[in-house]
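# Remarks on the overall topology
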Amino acid sequence: MTMGYQAEWSFFSADVELSSICNENCRMCPRAAIRRPRGEMKTQVAQHLISKLSHHHTRVTFSGLGNPLCHPQWDQWGQTFAQNGEQWGLVVHVSQLTVDTRRRLV
């Protein structure tokens, strides 16, 4: 049993799409066919979601069809999880791992 796991909460891990915007043009990506609006997760939504997931000790991965690094507050949300002792991660294209991004991750 994982420390902090709560059986009544069904999500042990959650993928969170902070941004549906991506500056890559991968041939296999289905984003062009998606009709929902593109943009960034609003601060209030992110705060509520992070609060709920953190409360239930859900592991979070910032990912989705967009690039989470396109959201201006991605590192702040990660710091919030880390400060609460929670685990979080990113799924990004390797080309996005710039010196600045690596610095912000560390």
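Residues numbered from 1 in each chain as written. Predicted model: local features only at pLDDT ≥ 70, side-chain atom pairs only at ≥ 80, totals over all residues. Heavy atoms only, no water.

## Digging into the overall build of the protein
- Tallying secondary structure elements over the protein gives 3 helices and 3 strands in all.
- Element order for the protein, N to C, with α for helix and β for strand: β-α-β-α-β-α.
- By the burial criterion, 30% of the 106 residues in the protein qualify as buried.
- Put simply, of all contacts in the protein between residues at least 6 apart along the chain, 70% involve residues at least 24 apart.
- If you sum the accessible surface of the protein, you get close to 7,200 Å²; carbon and sulfur atoms cover 54% of it. (Helix = DSSP H or I, 4+ residues; strand = E, 2+ residues; numbered from the N terminus. Buried < 20%, exposed > 50% of the residue type's maximum accessible area, 1.4 Å probe, protein only. Contact = heavy atoms within 4.5 Å. Areas by Shrake-Rupley, 256 points an atom, 1.4 Å probe, with all protein chains shown as cover.)

## Side note on the nonpolar core
- In terms of nonpolar packing, the biggest core is built from 13 residues, with Val16, Leu18, Leu53, Val60, Phe62, Trp77 and Phe81 touching the most fellow members.
- Among the secondary structure elements, those contributing two or more residues to this core are strand E1 (13-16), helix H1 (43-55), strand E2 (59-62) and helix H2 (74-83). (Core = buried A, V, L, I, M, F, W, Y, C linked by side-chain atoms within 4.5 Å.)

## Brief notes about the side chain of Ser20
- Along the chain, Ser20 falls in the loop between E1 and H1.
- A distance of 2.7 Å separates a polar side-chain atom of Ser20 from the backbone nitrogen of Gly39.
- The contact partners of Ser20, leaving out residues within four places of it in the chain, are Arg31, Arg36, Pro37, Arg38, Gly39 and Gly66. (Polar contact = N/O pair within 3.5 Å; in protein donor to acceptor, adjacent residues only side chain to side chain.)

## With respect to the pattern of salt bridges
- Taken as a whole and judged by the stated rule, the model has 4 salt bridges.
- One salt bridge in this structure joins Arg36 and Glu17, with 2.9 Å as the shortest N-O distance. Of this pair, Arg36 sits in the loop between E1 and H1 while Glu17 is found in the loop between E1 and H1, placing the two residues 19 residues apart along the sequence.
- A residue is classified by how much of its surface remains accessible, and Arg36, at 41% relative accessible area, is partly exposed.
- When its relative accessible area of 22% is taken as the criterion, Glu17 is described as partly exposed.
- A salt bridge links Asp100 to Arg104; its shortest N-O distance comes to 3.8 Å. Placement of both Asp100 and Arg104 in helix H3 (residues 99-105) is noted, with a separation of 4 residues, approximately one turn of the helix.
- Given a relative accessible area of 28%, Arg104 falls into the partly exposed group.
- Overlapping salt bridges, with partners in common, bring together Asp75, Asp100, Arg103 and Arg104 in one network. (Salt bridge = Lys/Arg side-chain N within 4 Å of Asp/Glu carboxyl O.)

## Topic: the sheet that holds strand E3 (residues 88-90)
- An order of E1-E2-E3 is seen for the 3 strands of this open sheet, with the pairing classed as parallel. Each having just a single partner strand, E1 and E3 make up the two edges of the open sheet. Direction aside, neighbouring strands of the sheet carry axes that sit 20° apart on average.
- Inspection of the sheet shows E1 paired to E2 by 4 bridges, in the parallel sense. Counterpart to Ala14 in the pairing with E2 is Val60. (Pairing = 2+ DSSP bridges. Axes fitted to C-alpha atoms, helices over the stretch in contact; angles between N-to-C directions.)

## Regarding the pairing of E1
- Only one face of E1 is buried, namely the one carrying Ala14 and Val16, since none of Ser13 and Asp15 on the opposite face is buried.
- This β-α-β element, E1 to H1 to E2, shows right-handed connectivity. (Right-handed = clockwise from strand over helix to strand, strands pointing away.)

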